[in-house]
Amino acid sequence: MEKRKKIGLFFGSFNPIHIGHLILGNYILENSDMEELWFVVSPQNPFKDKKSLLKDHNRLDMVQLAIKNYPKMRASNVEFSLPVPSYTIDTLTYLNEKYPDYSFSLIMGEDNLGSLHKWKNYELLLKNHQIIVYPRIFGEEKKDSDYLQHENISLIKAPVIELSATEIRNMIKEGKNTRPMLPPEVFEYLDGSSFYK
């Protein structure tokens, strides 16, 4: 049987994509058996307010600009054509059917593990997919998740980059310099626009 190509899926609104996302994505590619990493741009997260969200195609454009010098990274708009709100399990089902030769793993922050049981069909996710968990800084609410013992979950010691897209959007609105936090192409894209202002 032929080896299936291993793809890591990094879901997010990427509103905007910042250097923290790239550092993390690159670390996972260099320190795991993933052959490609796809940034899956989410049209609407069922748990997030939509009003500060840039249009889907603008966020996809920024991801494409950000990763153009990273040959193992891809920007995916797969969820744009799926029913909204998008659920991870539905996207994975679709991708598994479309790319039978690929093996998809999920990349998520440690902070999401605590609410994994609220995800649609999370048992199926756990059973059929490897989940790569990267560390996050927690407030008081940090609990050691039972999930970390699961055979399909692996915690990687990626660098913790405390950058938030919300903070970047607020800084742009206030006219502050966000150049060091964004890939240069994304900074130029936003700088020449009225986005987030």
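Residues numbered from 1 in each chain as written. Predicted model: local features only at pLDDT ≥ 70, side-chain atom pairs only at ≥ 80, totals over all residues. Heavy atoms only, no water.

## A few points about the overall build of the protein chain
Then, number 1: A tally of helices and strands in the protein chain yields 7 helices and 6 strands.
Then, number 2: Ordered by position in the sequence, the α and β elements of the protein chain form the string β-α-β-α-β-α-β-α-α-β-β-α-α.
Then, number 3: In summary, the protein chain has a C-alpha radius of gyration of 17 Å against a globular reference of 16 Å for 197 residues, a match within 12%.
Then, number 4: The principal-axis extents of the C-alpha atoms in the protein chain amount to approximately 50 × 40 × 35 Å.
Then, number 5: Considering the protein chain as a whole, with its 197 residues, one finds that 43% of them fall into the buried category.
Then, number 6: Pairs at least 24 apart in sequence give 71% of the contacts found in the protein chain among residues at least 6 apart.
Then, number 7: Only carbon and sulfur atoms are counted for the fraction: they give 50% of the accessible area of the protein chain, which is about 11000 Å².
Then, number 8: With 25 positive and 26 negative side-chain charges, the protein chain shows a spacing of 4 Å between the two charge centroids. (Helix = DSSP H or I, 4+ residues; strand = E, 2+ residues; numbered from the N terminus. Rg over C-alpha atoms; globule rule 2.2 N^0.38 Å. Buried < 20%, exposed > 50% of the residue type's maximum accessible area, 1.4 Å probe, protein only. Contact = heavy atoms within 4.5 Å. Areas by Shrake-Rupley, 256 points an atom, 1.4 Å probe, with all protein chains shown as cover. Lys, Arg positive; Asp, Glu negative; His and termini not counted. Charge placed at Lys NZ, Arg CZ, Asp CG, Glu CD.)

## Quick word on the UniProt feature "transmembrane region" (unreviewed entry) in the protein chain
Then, number 1: UniProt records the feature "transmembrane region" (unreviewed entry) for residues 7-29 in the present numbering.
Then, number 2: Between the first and last C-alpha atoms of residues 7-29 the distance is 10 Å; the span itself is 48% helix and 26% strand. (UniProt positions renumbered as here; feature names shortened; annotations may be inferred.)

## A closer look at the packing of aromatic side chains
Then, number 1: Using the criterion set out here, one finds 11 aromatic pairs in the structure.
Then, number 2: Pairing Phe 10 with Phe 14 gives two aromatic rings, centres 5.6 Å apart and planes at 80 degrees, and the pair type is edge-to-face. Of the two residues, Phe 10 and Phe 14, both sit in the buried class.
Then, number 3: Ring geometry for Tyr 99 versus Phe 104: centroids 6.3 Å apart, planes at 65 degrees, classification edge-to-face.
Then, number 4: Joined through ring pairs, the aromatic side chains of Phe 10, Phe 14, Phe 39 and Tyr 134 make up one cluster. (Phe/Tyr/Trp six-rings, centres within 6.5 Å; stacked < 30°, edge-to-face > 60°.)

## Regarding the sheet that holds strand β4 (residues 102-109)
Then, number 1: The strand order β3-β2-β1-β4-β5-β6 describes an open sheet built from 6 strands, whose pairing is parallel. Edge positions in the sheet fall to β3 (73-76) and β6 (153-155), since each has one partner strand and no second. Taking each pair of neighbouring strands and ignoring which way they run, the sheet shows an average axis angle of 30 degrees.
Then, number 2: Judged from the 6 bridges that link them, strand β1 (residues 5-12) and strand β2 (residues 36-41) form a sheet pairing that is parallel. Bridge assignment links Phe 11 to a residue of β2, and that residue is Val 40.
Then, number 3: Relative to the sheet, helix α1 (residues 19-30) contacts β1, β2, β3, β4 and β5 (131-134), its axis offset from that of β2 by approximately 145 degrees. (Pairing = 2+ DSSP bridges. Axes fitted to C-alpha atoms, helices over the stretch in contact; angles between N-to-C directions.)

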